[in-house]
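# Observations on the model geometry
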Amino acid sequence: MQKDVKRLSLILLFTPFALWILLLIIIPHMGMVVLSLREKVAPRVYEYGLGNYIDFINEPIYWNTLLRTGSMSLLVTVLALLIGFPIAYYIAKIAGNRTRGALFLLCLVPLWVSDLIRAFGWILLLRETGVISSVLQWSGLVHEPIEFLYNDVTVIIGLVYTVILFMIVPLVSTLDGMDNAMIEAGYNLGGSGPTVLRRIIIPYAMPGIVSGCIVVFMLTAGSYLTPILLGGKNSSWFTEQIYDQFITRFNWESGAAFGFLLLVFTSFVVWLGLKITGQTLANTVARS
Amino acid sequence: MAYRNKNAAFLWGYRLYVLAFFIFLAAPLIAAGSFAFNDSLFPSLPWRGFTLDWFFNDTEPKLGMFHDRRLLSGLYYSFVIASIVSMLSVAVGTCNAFLFVRGQFPAKNALYILMILPLVIPGVILGISMLVLASTIANGLENRFDIEIDALRPGIALVVLGQFAFITTITSLVITARLKKFDESMEEAAFNLGASRARVLWTITLPFLRPAMIAAGIVAFLVSFENFNTTLFLVGSESPLTITMYDRMAKVGSTPVLNAVSFILMLGSGLLALVTIAVQRDKSKG
């Protein structure tokens, strides 16, 4: 009797999980793969094959965009780590008790503001008639309006800005759990600042670093608003290609192929990162 | 002494860096919010004086956001969508937490990874895969049985499903973390005192989880409210606010009414974030 109750409650708990994962995650993605293998040969006549993928390989614009998106996302991930790590370390280890909470809060607030608003804010600052250009003219440093938008540097700054908090938050929680005595012991044993950082702090923070990097990379590679709003029409971001195929050209088959390629590509990078650092998905992303 | 000076200089440099970072963090938000109060037709310098017209004025060309029908309906749809997503995802997230903390079943670890996965799938892909599946089913039903189901066409129902698909991972993780901290001897004590299963769940376990459930619900609400990537592909004629704002930005260009909306949204999410923190703070006492 007791056993039956247990089994029943397990089944009852398992049902929503299974329905969610099956109906909303697995089946739609399988459907996307199936669609990507289909080609339109005549109106209402379809054929199955690798045609959409062959088109992708034969058209340099497509795979260049994917490579560009991938490499820029990696760059953004590295920059976010380099910029974010000192901030996280300051919050977790250097700031006093009271400032720590306040700083962490300040970090979290922009996290709750939509990407759209943040990109909009950057546009107001950086465009030709924007705040920075006006201030520079007013101060006499330049004599004509400057357009800061629509170039790669701006896109990268915007992306780093959008995702950096997803790097800082897991880092702070990992570093917070680290015993200060470990750092002191490192110094007492004669280690210099860089040695302590390299041999003690970074190895300890590794799960947080990997977790932050995975989330940041995925968010960047899958971002849509920031590259388009800050980079303009020619930002050549891969998600834009997907949107273009789906909505503008109404070529769902090829759009689905692009979507699947983006998924495979990003998953591969994440898998590679986990392999290199010797971490698993469960002890990194799931913990934060 | 020299060593000490160097150290102090380093610390000051470090502090300056942190300060610069927070200025970087705040600058676009301040820009987005403050131009809502500039008495000008464009959200740019020079400053022409303080006004609340972009919130309350009821005539063109300075139509305030509270008189702008499309923005208001966007706000309404976002609110409806976010409320449904938040309730659904907290319900399923709570089940998932019990399933993975208490349940014993084969392949538990693999299934746990499966549960985290939606969080790392790019939102755009989630959107298109949902759109493809729903349309395939809808077309199949229409061609074969001549049944037309509107819910499967782009619209609120699909947006809710698409957002629910990945937000549930977030709520599950938040509630799981809390349930792991639960001391099961409290439940045992209640059982020993003769309480039924349902009563123990209702009077002991769920109250313990309540802060996490509220926090997860607020997070889900905010994430849903702000979502753009997944929503973009699933949206029908009832566009939520982010889509309406994006359309306005693309078609009309930036107008201060968008600053007014940004200001209200920042205010709202700031307040909700504070509620989350207040709720979480209770948690340390409980």
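Residues numbered from 1 in each chain as written. Chains lettered and ligands numbered in written order. Predicted model: local features only at pLDDT ≥ 70, side-chain atom pairs only at ≥ 80, totals over all residues.

### Regarding the overall build of chain A
Scanning chain A from terminus to terminus reveals 13 helices and 2 strands. Over its C-alpha trace chain A gives a radius of gyration of 24 Å, far above what one expects of a compact globule, namely 19 Å for 288 residues. Counting only residues that meet the buried cut, chain A has 41% of its 288 residues in that class. Summarising the internal contacts of chain A: among those between residues at least 6 apart in sequence, 70% fall at separations of at least 24. (Helix = DSSP H or I, 4+ residues; strand = E, 2+ residues; numbered from the N terminus. Rg over C-alpha atoms; globule rule 2.2 N^0.38 Å. Buried ≥ 20, exposed ≤ 12 C-beta atoms within 10 Å, placed from the backbone. Contact = placed C-beta atoms within 7 Å.)

### Concerning the overall build of chain B
Of the regular secondary structure elements, chain B holds 11 helices and 0 strands. Going from N to C terminus, chain B has its helices and strands arranged as α-α-α-α-α-α-α-α-α-α-α. For 286 residues, the compact-globule formula gives about 19 Å, and the C-alpha radius of gyration of chain B, at 24 Å, lies well above that figure. Its C-alpha atoms give chain B principal-axis dimensions of about 85 × 70 × 35 Å. Taking contacts inside chain B between residues at least 6 apart in sequence as the whole, the part at least 24 apart equals 75%.

### Here we look at helix 7 (residues 152-176) of chain A
If you check helix 7 of chain A, its first and last C-alpha atoms are 35 Å apart, about what 25 residues at 1.5 Å a residue would give, namely 36 Å. Of all the 25 residues making up helix 7 of chain A, 19 are buried; the element is thus mostly covered by neighbouring parts of the structure. (Expected span 1.5 Å × (residues − 1).)

### Structural notes on the interface of chain B and chain A
With 63 residues of chain B at the interface, the matching set in chain A holds 60 residues. Examining the composition of the side of chain B that touches chain A, we find that 11 residues originate from one element, helix 1 (residues 2-34) of chain B, more than from any other. By residue class, the composition of the side of chain B that touches chain A is 48 nonpolar, 14 polar and 1 charged. (Nonpolar A, V, L, I, M, F, W, Y, C, P; charged D, E, K, R; others polar.)

### Some details on the nonpolar core
Grouped together as the largest cluster of nonpolar side chains are 143 residues, with contacts concentrated most on Ala88, Val163, Ile168 and Val216 of chain A together with Ile128, Met130 and Ala216 of chain B. Here the element with the most residues in this core is helix 7 of chain A; it accounts for 14 residues. Dropping the residues within four chain positions of it, Val216 of chain A is found in contact with Thr77, Ala80, Val163, Phe166 and Met167 of chain A. (Core = buried A, V, L, I, M, F, W, Y, C linked by C-beta atoms within 7 Å.)

### Some thoughts on the pairing of strand 2 (residues 45-48) of chain A
Residues and elements named next belong to chain A. Here 4 bridges tie strand 1 (residues 38-42) to strand 2, and the two strands are oriented antiparallel to one another. The partner of Glu39 across the bridge, within strand 2, is Glu47. Counted between consecutive antiparallel strands, the loop separating strand 1 from strand 2 contains 2 residues, among which Arg44 sits at a positive phi close to 65°. (Pairing = 2+ DSSP bridges.)

### What about unusual backbone geometry?
Even without glycine at this site, Phe250 of chain A takes up a positive phi of about 55°. Topologically, Phe250 of chain A is positioned in the loop between helix 11 (238-248) and helix 12 (252-277).

### Here we look at the confidence of the model for chain B
Residue-level pLDDT values for chain B average 84, and 96% of them are 70 or greater. Among the scores for the predicted complex, ipTM is 0.83 and pTM is 0.86. (pLDDT = per-residue confidence, 0-100.)

### Overview of the confidence of the model for chain A
For any part of a model where pLDDT is low, the fine detail of the predicted coordinates should not be relied upon. For chain A, per-residue confidence averages 84 on the pLDDT scale, and 97% of positions sit at 70 or higher. Element-level mean pLDDT values for chain A span from 69 in helix 13 (residues 281-284) of chain A up to 90 in helix 3 (residues 60-94) of chain A.

### So, the packing of helix 5 (residues 115-126) of chain A against helix 7 of chain A
Residue and element names in this part refer to chain A. Packing of helix 5 against helix 7 brings their axes to within 11 Å, and their N-to-C directions diverge by 140°. Judged by the inter-axis angle, helix 5 sits oblique to helix 7. As for how helix 5 packs across helix 7, the hand of that crossing is right-handed. Taken together, the residues of helix 7 that come into contact with helix 5 (itself represented by Asp115, Arg118, Ala119, Trp122 and Leu126) are Thr154, Gly158, Tyr161 and Thr162. A breakdown of the residues in the contact of helix 5 with helix 7 according to their chemical character gives 4 nonpolar, 3 polar and 2 charged. (Axes fitted to C-alpha atoms, helices over the stretch in contact; angles between N-to-C directions. Parallel < 35°, antiparallel > 145°, perpendicular 65-115°, else oblique. Left-handed = near helix turned anticlockwise from the far one by under 90°.)

### Looking at the environment of Tyr76 of chain B
Residue and element names in this part refer to chain B. Here Tyr76 lies in helix 3 (residues 69-102). Judged by the 13 C-beta atoms lying within 10 Å of it, Tyr76 is partly exposed. Each C-alpha atom of the pair Tyr76 and Ser239 lies 9.6 Å from the other, and the pair is 163 residues apart in sequence.

### Some thoughts on the environment of Gly259 of chain A
All names here are of chain A. By secondary structure assignment, the location of Gly259 is in helix 12. Taking the C-beta count within 10 Å as the criterion, Gly259 has 31 such neighbours and is therefore assigned buried. C-alpha of Gly259 to C-alpha of Ile242: the two residues are 17 residues apart in sequence and 6.5 Å apart in space.

### Here we look at the environment of Thr205 of chain B
Mapped onto the elements of the fold, Thr205 of chain B is located in helix 8 (residues 197-226). Each residue touching Thr205 of chain B, except ones within four places of it in the same chain, is listed here: Phe182, Glu187 and Val200 of chain B.

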